[in-house]
Amino acid sequence: MAAAALWGRLVRGARGAAARRACSTGARARAPAAAAQELQSPGRGRFLLEHAAPFSPFLTDSFGRQHNYLRISLTEKCNLRCQYCMPEEGVKLTPKSELLTAQEIITLARLFVKEGVEKIRLTGGEPLIRPDVVDIVGQLYKLEGLKTIAVTTNGINLTRLLPRLKEAGLNAINISLDTLVPAKFEFIVRRKGFHKVMEGIHKATELGYRPVKVNCVVMRGLNEDELLDFVDFTKDLPLDVRFIEYMPFDGNKWNFKKMVSYKEMLDTIKQRWPELERLPCETSSTAKSYKVPHFQGQISFITSMSEHFCGSCNRLRITADGNLKVCLFGNSEVSLRDHLRSGASEEELVQIIGAAVGRKKKQHAEPALMSFPLCQDALQNPSNSKQWGHPFSHWLTLRASLPRQKGKALMKNKLTGQLFLPRSHPEQQWHITGILQTQLRGYCVFQKDPSSTFDTKCLDTSLVGQVSVDCQSKEASSGSEFYTMDLGSCTKVPRASDNLTHTDEEGRATMVDVGGKPDSRRSAVAGAVVLLGEKAFGMVRQNQVKKGDVLAVAQIAGIQGAKLTSQLIPLCHNIPLYHVEVSLSLDEARYAVVIRSSCQTWGRTGVEMEALTAASLAALTVYDMCKAVTHDIVIEDVKLLSKTGGQRGDFSRV
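Figured I'd write up the structure that's included with this text.

The rules we used
- Residues numbered from 1 in each chain as written.
- Predicted model: local features only at pLDDT ≥ 70, side-chain atom pairs only at ≥ 80, totals over all residues.
- Heavy atoms only, no water.
- Helix = DSSP H or I, 4+ residues; strand = E, 2+ residues; numbered from the N terminus.
- Buried < 20%, exposed > 50% of the residue type's maximum accessible area, 1.4 Å probe, protein only.
- Contact = heavy atoms within 4.5 Å.
- Areas by Shrake-Rupley, 256 points an atom, 1.4 Å probe, with all protein chains shown as cover.
- Pairing = 2+ DSSP bridges.
- Axes fitted to C-alpha atoms, helices over the stretch in contact; angles between N-to-C directions.
- Salt bridge = Lys/Arg side-chain N within 4 Å of Asp/Glu carboxyl O.
- Arc of directions from axis to C-beta.
- Lys, Arg positive; Asp, Glu negative; His and termini not counted.
- Polar contact = N/O pair within 3.5 Å; in protein donor to acceptor, adjacent residues only side chain to side chain.
- Phe/Tyr/Trp six-rings, centres within 6.5 Å; stacked < 30°, edge-to-face > 60°.
- Lys NZ or Arg CZ within 6 Å of the ring centre and 35° of its normal.
- Patch = residues over 30% accessible without salt bridge, like charges linked within 9 Å, V, L, I, M, F, W, Y side chains within 5 Å.
- Parallel < 35°, antiparallel > 145°, perpendicular 65-115°, else oblique.
- Nonpolar A, V, L, I, M, F, W, Y, C, P; charged D, E, K, R; others polar.
- Right-handed = clockwise from strand over helix to strand, strands pointing away.

1. As for the overall build of the chain
Then, in step 1: If you tally the helices and strands in the chain, you get 20 helices and 24 strands.
Then, in step 2: The buried share of the chain, reckoned over its 654 residues, is 52%.
Then, in step 3: The contacts in the chain between residues at least 6 apart in sequence include a share of 68% that link residues at least 24 apart.
Then, in step 4: Entry remark: accessible area of the chain is about 31100 Å², with carbon and sulfur atoms responsible for 52%.

2. Here's the deal with the sheet that holds strand β24 (residues 651-652)
Then, in step 1: Ordered by their spatial adjacency, 5 strands build an open sheet running β21-β22-β20-β23-β24, and the pairing between neighbours is antiparallel. The outermost strands of the open sheet, each flanked by one partner alone, are β21 (579-587) and β24.
Then, in step 2: Set on the sheet, helix α18 (residues 550-563) makes contact with β21 and β22 (592-603); between it and β21 the angle comes to about 145°.
Then, in step 3: Sitting on the sheet, helix α20 (residues 608-626) is in contact with β20 (520-531), β21, β22 and β23 (634-644), with an inclination near 25° to β20.

3. Brief notes about the pattern of salt bridges
Then, in step 1: Enumeration according to the criterion identifies 18 salt bridges in this entry.
Then, in step 2: With a shortest N-O distance of 3.5 Å, Lys114 and Glu346 are connected by a salt bridge. Linking Lys114 in helix α4 (residues 102-114) with Glu346 in helix α12 (residues 346-358), this pair joins segments that are 232 residues apart in sequence.
Then, in step 3: Here Asp624 and Lys627 are joined by a salt bridge, their closest N and O atoms 2.5 Å apart.
Then, in step 4: Judged by relative accessible area, Asp624 falls into the partly exposed class, the value being 33%.
Then, in step 5: The partly exposed category is assigned to Lys627, whose relative accessible area is 28%.
Then, in step 6: Because the salt bridges share partners, they merge into one network encompassing Lys184, Asp225, Glu226 and Lys563.

4. What to know about helix α6 (residues 158-168)
Then, in step 1: Buried within α6 are the following residues: Leu158, Thr159, Leu161, Leu162, Leu165 and Ala168. Seen end-on, α6 carries its buried residues on one side only, within an arc spanning 155°. Across from the buried face of α6, at angles greater than 90 degrees, the exposed residues are Arg160 and Glu167.
Then, in step 2: A positive phi of about 130° marks Gly169, the residue just after α6.

5. Examining the side chain of Lys643
Then, in step 1: Inspection of the secondary structure assignment puts Lys643 in strand β23.
Then, in step 2: For the buried residue Lys643, which engages in no salt bridge, the nearest side chain bearing the opposite charge is Glu608, 4.2 Å off.
Then, in step 3: A polar atom in the side chain of Lys643 sits 3.0 Å from the backbone oxygen of Gly645.
Then, in step 4: Other than its neighbours up to four places away in sequence, Lys643 contacts Ser523, Ala524, Glu608, Gly649, Asp650 and Phe651.

6. Notes on the packing of aromatic side chains
Then, in step 1: According to the stated counting rule, one finds 7 aromatic pairs in the structure shown.
Then, in step 2: A centroid spacing of 5.9 Å and a plane angle of 75° characterise the contact between Trp273 and Phe295, whose relative ring orientation is edge-to-face. Of the two residues, Trp273 sits in the loop between α10 (262-272) and β7 (277-278) while Phe295 sits in the loop between β8 (287-291) and β9 (298-302), which places them 22 residues apart along the sequence. Each member of the pair, Trp273 together with Phe295, is buried.
Then, in step 3: Measuring from centroid to centroid gives 5.7 Å for Tyr290 and Phe301, while their planes differ by 80°, and the two rings are edge-to-face. Placement of the pair is Tyr290 in strand β8 and Phe301 in strand β9, with a sequence separation of 11 residues. Of the two residues, Tyr290 and Phe301, neither departs from the other in class, the shared state being buried.
Then, in step 4: Members of the aromatic cluster, connected to one another through ring pairs, are Phe230, Phe243, Tyr262, Tyr290 and Phe301.
Then, in step 5: Above the face of the Tyr262 ring, Lys288 is positioned so that its terminal group lies 5.4 Å from the ring centre.

7. Side note on the sheet that holds β8
Sheets are built from strands paired through backbone hydrogen bonds, the pairs being either parallel or antiparallel.
Then, in step 1: Spatial strand order, β7-β8-β9-β6-β5-β4-β3-β2-β1-β10-β11-β12: 12 strands in an open sheet with mixed pairing. Strands at the two margins of the open sheet, each flanked by one partner only, are β7 and β12 (334-335).
Then, in step 2: Where strand β5 (residues 212-218) meets strand β6 (residues 239-245), 7 bridges bridge the pair, whose relative direction is parallel. By the bridge assignment for β6, Val218 is matched with Glu245.

8. Some thoughts on the side chain of Arg130
Then, in step 1: Along the polypeptide, Arg130 turns up in the loop between β2 (119-123) and α5 (133-141).
Then, in step 2: Here Arg130 falls in the buried class, since its relative accessible area comes to 13%.
Then, in step 3: Polar contacts involving the side chain of Arg130 include one to the main-chain carbonyl oxygen of Leu100, which spans 3.4 Å.
Then, in step 4: For Arg130, the contacting residues outside a window of four places in its chain are Leu74, Leu100, Thr101, Ala102, Ile105 and Ile136.

9. Quick look at a nonpolar patch on the surface
Then, in step 1: A cluster of nonpolar residues, Leu568, Ile569 and Met609, forms a patch on the protein surface that exposes about 230 Å² of accessible area.
Then, in step 2: Turning to its location among the elements, Leu568 is positioned in helix α19 (residues 565-568).
Then, in step 3: For Leu568, a relative accessible area of 48% gives the class partly exposed.

10. A closer look at the packing of α4 against α12
Then, in step 1: At a closest axis distance of 11 Å, the pairing of α4 and α12 adopts a crossing angle of 70°. The orientation of α4 relative to α12 falls into the category roughly perpendicular. Only Glu346, Leu349, Val350 and Ile353 of α12 make contact with α4, whose side of the interface consists of Leu111, Phe112 and Lys114.
Then, in step 2: A breakdown of the residues in the contact of α4 with α12 according to their chemical character gives 5 nonpolar, no polar and 2 charged.

11. A word on the pairing of β6
Then, in step 1: Counted residue by residue, β6 has 7 buried out of 7 residues, so it is predominantly covered.
Then, in step 2: One crossover worth recording links β5 to the parallel β6 by way of helix α9 (residues 227-233), and it is right-handed.
Then, in step 3: Relative to β9, β6 is paired through 5 bridges, and the arrangement is parallel. Across the sheet, Val241 pairs through a bridge with Ile299, a residue of β9.

12. Some details on the packing of helix α7 (residues 182-189) against α18
Then, in step 1: Where α7 meets α18, the axes come as close as 9 Å, and the angle between the chain directions of the two elements is 85°. Considering their axes alone, α7 and α18 lie roughly perpendicular with respect to each other. Between α7 and α18, the residues in contact are Ala183, Lys184, Glu186 and Phe187 and Ala552, Val553, Ile556 and Gln560, respectively.

Structure, rendered in structure tokens:
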């Protein structure tokens, strides 16, 4: 039966290919019969090659890109509220009467398949919450020439529906999963369901899907610390874990600093698995694929931000309300629904589709990045980006910049206080406003001009120590001061002082120079108390708060807060944390949640602020999740309990 079904689809594929040979002649009607006759002969393989149709001009744009992949959104609704995808309150839904019916979806799909589309992916929202999704898959399976029917799902309903979907003809699955930690899953998607998703992944492998693709959006400060765990997830399962660069969409409050580039992720993984192998891929593939030898599965990277794949794009999209989008980032849409409902003929629809495809631009312009003039300049004037030492596709990460410039001199303008590299182009001089470090990765923050607020990163995975522009050897120069960025030049050890350490001689805020301090083991413990009142306390204890498990989410928030301290407290150094622990306990006598956080590192500065931030963020999260029950909540006793390490000695609150 399986062989017969497979051959049936090959026959239908040949019929579809032959049917597309002529777009406006009677040959389309005669081709299926000719195809069936030829397929009965011994030379059927030769027939498929000799009668391969030229690709439809209506689905070929002005840059020669052939669009044989169609994504159809079945619904705008979703049963999750992922932080990078949708605001917590959801989105305004289109009235049901304005959404495509199942029959309209099949009508449009049939039209696209006739013109050369070979793969259709069903998306959402969450496509598996649509009641007729199994029937839609079954109808798509009957389309002549369609080779692949795929679905992208959050996996919540997958275990229940997958056997029927497979029987209907579904042959490819993508499942969204951004964390392997149950509590963090609930924090990211604002709903429960981690175990349902994992069950769905295992069900897909049991039913023979190879590979099962797992989509993971990587966000700095949230889940980039799980990269290695996701790679290890492919060891014993036939998965393709796809790491997706964080992209801007309406409502997700996109922030450039949250994006982790493909190359940074790859470097992290190669440190653990240096034998990682690059796999071949199709020209139109959006993924760069790799495999750890002897692992069942593989990993891939979707580099939509750092290295776009517009040049080989073969995708078109139909929204749930019937609008055709030729580019995910483009604003231009054409309502196929309106034309369909107004009685447009098949040929008229093909002309409308062809005109839209013909208007497709050479590449997209990321909306969040294009709001910055510097990015516009880079896209519109690629030659300018070369003056910075990198093409625009690599400008987001600028990996080589910091190592090259560690030994160079920086000039300081005494009037403006700005630091800059000498001999740079006057109109495009970059001012260095600070040098920070992410966990185990350094990055410097640049500004194009003193009034600009735009920043970018030049990552350096080799830097583990803290670099500071204040800790430098000085050379006198007329009107300027020079600083050599040499990690070994900082030898002065700051002494304990009764004065404020975060101000300079003129009273201006400044970052403390820790370059000359010796490395030592540092730890800190902080605490906080949240007084909830009897009602809210009882709901937290019974885990009845509508927003979810208060203690679990607050614990994750505290851990994330510790890792993001330097981004929240301006003059804090960004240091690698070796251990963060946040615990929450219930004090029934006071109807309170008692929070205790601890942080550890080996470095040149302490982690008191990290511990305090963790306790504070956990307390604020408890407040946020319980404020719908009562606003009579008090946060108190946020304080440092103890610290160890450093020249000023240990501290313990009695």
